[in-house]
Every structure is written in C-alpha cells, then in structure tokens.
Amino acid sequence: MPYERDFAPLPAPEPRWRERLRQYWALVRGDRPIGWLLLLWPTWWGLWLAADGVPPLWTLLVFSLGVWLTRSAGCVINDYADRWLDPNVERTKHRPLATGAVSGREALAVFALLMLVAFALVLTLNRLTIYMSVVGVLLAASYPYLKRYTYLPQVYLGMAFGWGIPMGFAALTGSVPPVAWVLYVANIFWATAYDTWYAMVDRDDDLRMGAKSTAILFGDMDLVAQGVLYAGMFAALALVGRDAGLGQAWWAGLGVAAVLVALQFAIARHRERGACFRAFLHNHWVGMAIFLGLAVDTMLRGGASG
C-alpha cells in the first residue's frame, strides 16, 4: 500500500550558472530601470536638440545602448566603492556585494566588460566623440569615491549622468556649441536635486557611517536648497529654449515638468524616507515631459518647414 506524502518535495537546486546570472543582474540593477531612465532622458534631450528632430538610427541606438551599459557599470563600481558602507544601510544591505554573494573581483570584471562593450560602440562614431567618451569613463569610475571626501557627490553624479549631452552633439555635429553646455548645466542642477531626494532616504545611516551627501550638507534647509536647484534647472532650460528658438511645445513641456516638480515637494514635505524615495522616482516623469516637449516641437517645426 503506497504511503501518502505529508511534506512538500524539496525544490530542485538552482543551477550554478543561473544563480550567477541572477546575482549579476541584481548587481547591475537590471530589475530597477529608474537609473537607466534618468540617464536616458537627458541623453535624448541632447540628441534631439543636436539633430533638430529624430537623430540617425545608428547614433540613437549607440547612445541608448550606451546609456544602459554605462549606468549598469556605474552601479557596479558604486557598489564596489561602497562595500564598506552598504552592509550597514537598511536600503542597501541586501545588495550582492554587501551580502558577499558577488566578490569584489567579480564586480570589477563585470564593470570592465560593460565599459569595453560601451567603448566598442563609441568606436563606430567620430573621433571627437571617442575622445569625449574617455572623460565619461573617468566620471563614471570616480563618482562613487566622492562621498568619502566631499559633501557634493550628487553634483558629480549630474556631471557623469549628463555627459551624453555634449557627446551627442559631438557625434551629430562634430562640435559642442554653447547651447549644449547650457543643457548640460541644466542636467547637473536636475540630477543634484533628484539625487538629493535619494540621499535624504539614507541621511541617518550616512551620518552614522561617516558618508557625505548634499542631504547632510543642506540639513534643515534641504527643501529650500531643493527649490534653488530646481529653479536653476528650469532657468537653464529656458535659456536653451530661447537660444535654440524652440516653440510652444517646448514651453508646454517645461510647464508640465514644473507641475510635476511641485508635486514632489508635496510628496516629500515631511521628509519621511518612503516619501523622499517616491519623490526621487517621480523625476522619471519630469525628464519624459521635457523630452516630449522637445520632440513635439522639433516635429512641428520640421513639418512647418517642409
């Protein structure tokens, strides 16, 4: 007479290769696209402005793939630099490097592979773009170490995240005009602001561990400082619209973005961790609104000239 099973069967062990891929995917934040999107939108701002419309397909593909690759590489080198900090921070203590699921040597190998693939893509573009990509690599690789020595790593993040803007102009026009640098400055203001929301989530843990950030620097004046940063962003974007002769769709996009930013302050006004994180995530829609305004404007002007 057969015996009834009174226990659940043990699950089959996960194959080694699948377990490593799962850990590497978590290491590059493959399951969290927000960082990729926050890097993609300003890169597309630059490409659409430089092309005065839809950029050539290959250039668009190179920069879009490059955004994912460099953002992923940036996450890896950030976790490598923060392996002393992340195990002691609530939000980051389960990351693969923090738990020991991925070794430091493995992380550096993943970082090198991602950057090599990104650089191979850039090699299909012109010489100026290739030279500028070297600066981009240096920005991405050095950013994570600034939180040990300065209270302004968020500013440096903006410099790294926005480098696709002048690179896009270099790829499409062979030069980097002043309007590209103004757009780059706008992104620095924006990235500093949204990454300050992010830093406000970890402020207590960072203070305990001795890490530095704009959230710690601003202290009780953090919301005022955020207002100044977003005002600087919109002022720079207004200069871009004026100098590039952009029309009503651009200004409408900025208007929508301004409303979205105001909502962030409403969300995070009491500075709770969860609310600050939601305000950070909300910036994806800000970047999209600005891009859509630019894309529609260039499409309308292209149709009118045609």
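Before reading further, recall that the structure is shown in the block above.
My aim in this report is to walk through the structure given alongside it, one point at a time. Given the structure is predicted, the values throughout are model-derived calculations rather than measurements.

Tallying secondary structure elements over the protein chain gives 15 helices and zero strands in all. At 21 Å, the protein chain has a C-alpha radius of gyration in line with the 19 Å of a compact globule built from 306 residues. If one aligns the C-alpha atoms of the protein chain with their principal axes, the spans along those axes are about 85 × 50 × 45 Å. When burial is assessed residue by residue, the protein chain has 50% of its 306 residues classed as buried. Contacts in the protein chain between residues at least 24 apart in sequence constitute 75% of all its contacts with a sequence separation of at least 6. A total of about 14,700 Å² of accessible surface is found on the protein chain, and carbon and sulfur atoms cover 68% of it. Of the charged side chains in the protein chain, 25 are positive and 21 negative; the average position of the first set lies 4 Å away from that of the second.

The terminal C-alpha atoms of helix H12 (residues 222-243), which comprises 22 residues, lie 32 Å apart, in line with the 32 Å expected from a rise of 1.5 Å per residue. Glycine 245 lies just past H12 and shows a positive phi near 65°.

Before going further, it helps to examine the pattern of salt bridges. Pairing is possible between side chains of opposite charge, provided their charged atoms come close. Counted by the stated rule, this structure contains seven salt bridges. Ionic pairing is found between aspartate 222 and arginine 203, a salt bridge with its closest N-O pair at 2.9 Å. In this pair, aspartate 222 is assigned in helix H12 and arginine 203 in helix H10 (residues 203-209), connecting sequence segments 19 residues apart. For aspartate 222, a relative accessible area of 0% gives the class buried. Between aspartate 205 and arginine 273 there is a salt bridge, with its nearest N and O atoms 3.4 Å apart. With aspartate 205 in helix H10 and arginine 273 in helix H14 (residues 273-281), the pair connects residues that are 68 residues apart, well separated along the chain. Look at aspartate 205 and you get buried, because its relative accessible area is 8%. Linked by salt bridges that have partners in common, Arg29, Asp79 and Arg95 make up one network.

Going through the model one piece at a time under the given rule, you end up with 17 aromatic pairs. Here the aromatic rings of tryptophan 181 and tyrosine 184 are separated by 5.7 Å at their centres, their planes lie at 75°, and the arrangement is edge-to-face. Here tyrosine 184 and tryptophan 181 lie together in helix H9 (residues 178-201), a separation of three residues that amounts to about one turn. In this structure tryptophan 181 comes out as partly exposed when scored by relative accessible area, which is 35%. Here the aromatic rings of phenylalanine 277 and phenylalanine 280 are separated by 5.9 Å at their centres, their planes lie at 35°, and the arrangement is tilted. On the criterion of helical spacing, the pair formed by phenylalanine 277 and phenylalanine 280 is a turn pair, its members being three residues apart in helix H14. Among the aromatic residues, those joined into a ring-pair cluster are Trp45, Trp190, Tyr194, Tyr198, Phe277 and Phe280. The side chain of lysine 212 reaches across the aromatic face of tyrosine 151, ending 5.6 Å from its centre.

Rules of the game
- Residues numbered from 1 in each chain as written.
- Predicted model: local features only at pLDDT ≥ 70, side-chain atom pairs only at ≥ 80, totals over all residues.
- Heavy atoms only, no water.
- Helix = DSSP H or I, 4+ residues; strand = E, 2+ residues; numbered from the N terminus.
- Rg over C-alpha atoms; globule rule 2.2 N^0.38 Å.
- Buried < 20%, exposed > 50% of the residue type's maximum accessible area, 1.4 Å probe, protein only.
- Contact = heavy atoms within 4.5 Å.
- Areas by Shrake-Rupley, 256 points an atom, 1.4 Å probe, with all protein chains shown as cover.
- Lys, Arg positive; Asp, Glu negative; His and termini not counted.
- Charge placed at Lys NZ, Arg CZ, Asp CG, Glu CD.
- Expected span 1.5 Å × (residues − 1).
- Salt bridge = Lys/Arg side-chain N within 4 Å of Asp/Glu carboxyl O.
- Phe/Tyr/Trp six-rings, centres within 6.5 Å; stacked < 30°, edge-to-face > 60°.
- Lys NZ or Arg CZ within 6 Å of the ring centre and 35° of its normal.

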